[in-house]
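Here is what each chain is made of, one letter per residue.
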Amino acid sequence: MTTVTAHNTNVYVGLAGESALIIGAEGTPLGEGGMYRLTEGKSEWASIDNGLPENPQIRALLAHPDEPGTIFAGTQDGVYRTDDRGENWRRTETLSGDVWSMAVHPNDSSIMFAGYDAGRVCRSDDGGNTWRQTNTEGLVHPHITMNPNEICKRVIGLSIDPAHPDDVYGAIEVGGLIASRDGGENWSCITEGHYTRLGPVDLHGVQVNPSQPGLVYIITQLAMFRSRERGQSWEFVPIDEMFEGGSYCRDLVVDPSDPNRMYLAAGAGGGSAPAGTVDSGVLVRSTDAGETWERVDIGEVAPARMFQIAIDRNAPRNVYCCDRDGHVYCSNDAGNEWTRTDVPVEMSRGRHVYPMIAA
């Protein structure tokens, strides 16, 4: 007789502060950061920072696809790991510096990537225990992002194409899209064209949709674009106006149980929004691999820009989204009914939500 172990979803939220975008400039003073967990069936958030750096700046999270108790956190001091759902953390053999994104290969969970500041990408071939830096020396970013002052090239998103397993994509905050065609060993910029505004090259995410080989989505500060040809050409993805004066796209997720279902987190305020725009957030969903989109009724208009989306691959009916200020919306029926819970921390520009995952 086989014993079935009940699976309770854990939601993990990382906190960090904003730092300077212009190299050499002074940014917002960073708050104490933090790492929090909410377990399904419980009402209280738990602080889980034992073993993390002092005042941990958590800007990336990754759940091991085969071991839900194993979580990786991108910090200001490289990649940290827990094997007991965040009770205890340890530093991996990792490159120092700020980690802004992480991804695991969809065909081989021993292969992982971490995106750093300064346009650096690291690869692990042993399930996240050790990391090595890949070759990004040849990257040439759009001229507008380098002059008159160089803008920090943070690798803010990573995604791998399961149909073309050597294709790895990286989204650069204010820097366009980069790609590797040899499994992440060597990288090049695939953003071309003459730009007069930063919005189109201010990327906030990249996602390969496995419903079709070579189908890649990117979200920018202003909009979403799609390539059906491995990034060789792009088309604008139309979405009905979510907010007057435009929207600020922040996260894009493909449902691990159904690639036709995608979620976009967006909001009003920030970026190039008109002066006086009131912050608010929205969750948008597609059920046809991004061809059409509809607004999801989460019970209210989120009071801040929607920042993150998380789906538990071991219980895909559990869907979560949260805004920058830690208002977390939870659905246990694939996004039909929602409840809200708040991370018990005062938020500011120096300390707010960056990543969220569910496992």
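Because the structure is predicted, anything quoted here is derived from the model rather than measured.

Caption draft 1: Region of interest: the overall build of the protein chain. Secondary structure summary: the protein chain contains 0 helices and 28 strands in total. Taking 21 Å as the expected radius of gyration for a compact globule of 359 residues, we find that the protein chain reaches 19 Å, a close match to that expectation. For the protein chain, the spread of C-alpha atoms along the three principal axes comes to 60 × 45 × 45 Å. Counting over 359 residues, the protein chain shows a buried share of 57%. Considering only contacts in the protein chain between residues 6 or more positions apart, those separated by 24 or more positions represent 51%.

Caption draft 2: Just the pattern of salt bridges, in detail. Enumeration according to the criterion identifies 24 salt bridges in this entry. When the shortest N-O distance is used, the salt bridge between Arg81 and Asp83 registers 3.0 Å. With relative accessibility at 42%, the residue Asp83 sits in the partly exposed group. Overlapping salt bridges, with partners in common, bring together Arg123, Asp125, Arg132 and Glu185 in one network.

Caption draft 3: Local environment of the sheet that holds strand S18 (residues 224-227). The antiparallel open sheet is built from 4 strands, whose spatial order is S16-S17-S18-S19. Each having just a single partner strand, strand S16 (203-208) and strand S19 (235-236) make up the two edges of the open sheet. Sheet analysis places S16 next to strand S17 (residues 216-220), joined by 5 bridges and oriented antiparallel. Across the sheet, Leu203 pairs through a bridge with Thr220, a residue of S17.

Caption draft 4: The arrangement of the environment of Gly269 in detail. Mapping Gly269 onto the fold places it in the loop between strand S21 (262-268) and strand S22 (280-286). Along the chain, Gly269 and Gly281 lie 12 residues apart, while their C-alpha atoms are 9.0 Å from each other. If we skip the residues at most four places from it in the chain, Gly269 touches Tyr248, Thr277, Asp279 and Arg305.

Caption draft 5: Main features of the environment of Ser96. Following the sequence through the fold, Ser96 ends up in the loop between strand S7 (90-91) and strand S8 (99-104). Placed 18 residues apart in sequence, Ser96 and Gly78 show a C-alpha to C-alpha distance of 4.9 Å. Among residues more than four places away in sequence, those in contact with Ser96 are Asp77, Arg91, Tyr116 and Arg120. Among the polar contacts made by the side chain of Ser96, one reaches the side chain of Arg91 at a distance of 3.3 Å.

Caption draft 6: Structural view of the nonpolar core. Val13, Leu15, Trp45, Tyr320, Val328, Val343 and Met356 are the most contacted members of the largest nonpolar core, which has 17 residues in total. Breaking this core down by element, the ones donating at least two residues are strand S1 (10-16), strand S2 (34-39), strand S25 (319-323), strand S26 (327-331) and strand S28 (352-358). In this structure, Leu215, Leu252, Val254 and Trp293 belong to the second largest nonpolar core, which totals 15 residues.

Caption draft 7: Just the UniProt feature "domain: Sortilin N-terminal" (unreviewed entry) in the protein chain, in detail. Here the UniProt-annotated "domain: Sortilin N-terminal" (unreviewed entry) positions come out as residues 283-349. As a span, residues 283-349 carries 0% helix and 39% strand, and end to end its C-alpha atoms are 22 Å apart.

Caption draft 8: Representation of the sheet that holds strand S3 (residues 46-47). With antiparallel pairing, 4 strands are arranged side by side in an open sheet as S3-S2-S1-S28. One side of each edge strand has no neighbouring strand; the edge strands of this open sheet are S3 and S28. Sheet topology note: the S2/S3 ladder contains 2 bridges and is antiparallel. Opposite Tyr36, over in S3, you have Ser47 as the bridge partner.

Caption draft 9: Main features of the pairing of strand S14 (residues 176-180). For S14, the tally of buried residues reaches 5 of 5 residues, placing the bulk of the element in the interior. Both strand S13 (residues 168-173) and S14 contribute to a ladder of 5 bridges, which runs antiparallel. Directly across from Gly170, in S14, lies its bridge partner Ile178. Between S13 and the antiparallel strand that follows it, S14, lie 2 residues; Val174 among them carries a positive phi value of about 55 degrees. Summarising the sheet, S14 and strand S15 (residues 188-189) pair through 2 bridges and their orientation is antiparallel. From the neighbouring strand, Ile178 faces S15, where its bridge partner is Cys189.

Caption draft 10: How the structure looks around the state of the cysteines. Scanning the entire structure with this criterion turns up 0 disulfides. Cysteine Cys122 is unpaired, with the sulfur of Cys152 as its nearest cysteine sulfur at 17 Å. Left unpaired, Cys330 is separated from the closest cysteine sulfur, that of Cys321, by 8.4 Å.

Caption draft 11: Structural context of unusual backbone geometry. At the junction of Asn147 and Pro148, the peptide bond is cis and its omega measures out at 0 degrees in the coordinates. You will see that Asn55, though not glycine, has its phi angle at about 50 degrees, which is positive. Structurally, Asn55 can be placed in the loop between S3 and strand S4 (60-63). Judged by relative accessible area, Asn55 falls into the partly exposed class, the value being 39%. For Ala334, which is not a glycine, the phi torsion comes out positive at approximately 65 degrees.

Criteria and thresholds
- Residue positions are counted from 1 within each chain, in the order its sequence is given.
- The predicted nature of this model means local features are confined to residues of pLDDT at least 70 and side-chain atom pairs, given and counted, to a pLDDT of 80 or more, with totals for whole chains, interfaces and linings taken over all residues.
- Note that the side-chain values use all heavy atoms of the structure and ignore hydrogens as well as water.
- Working definition: helices are DSSP H or I runs of at least four residues, strands are E runs of at least two. Numbering for both runs from the N terminus.
- The globule rule used here is 2.2 Å times the number of residues to the 0.38 power, and the radius of gyration it is set against is calculated over C-alpha atoms.
- Whether a residue is buried, partly exposed or exposed follows from its accessible area with a 1.4 Å probe, protein chains only, as a fraction of its type maximum: under 20%, in between, or over 50%, in that order.
- What makes two residues a contact is simply this: any of their non-hydrogen atoms within 4.5 Å.
- We define a salt bridge as a contact between a side-chain nitrogen of Lys or Arg and a carboxyl oxygen of Asp or Glu at a distance within 4 Å.
- A pair of strands counts as paired when DSSP detects no fewer than two bridges linking them.
- Polar contact is defined as a pair of N or O atoms within 3.5 Å, subject to the rule that within protein one atom must be able to donate a hydrogen and the other to accept it, and that residues adjacent in sequence are counted only when both atoms are side-chain atoms.
- Note on terminology: a nonpolar core comprises buried Ala, Val, Leu, Ile, Met, Phe, Trp, Tyr and Cys residues joined through side-chain atoms within 4.5 Å.
- UniProt positions are given in the numbering used here, feature names are shortened, and annotations may be inferred rather than shown by experiment.
- In this description, a disulfide is simply a cysteine sulfur pair whose atoms lie within 2.5 Å.

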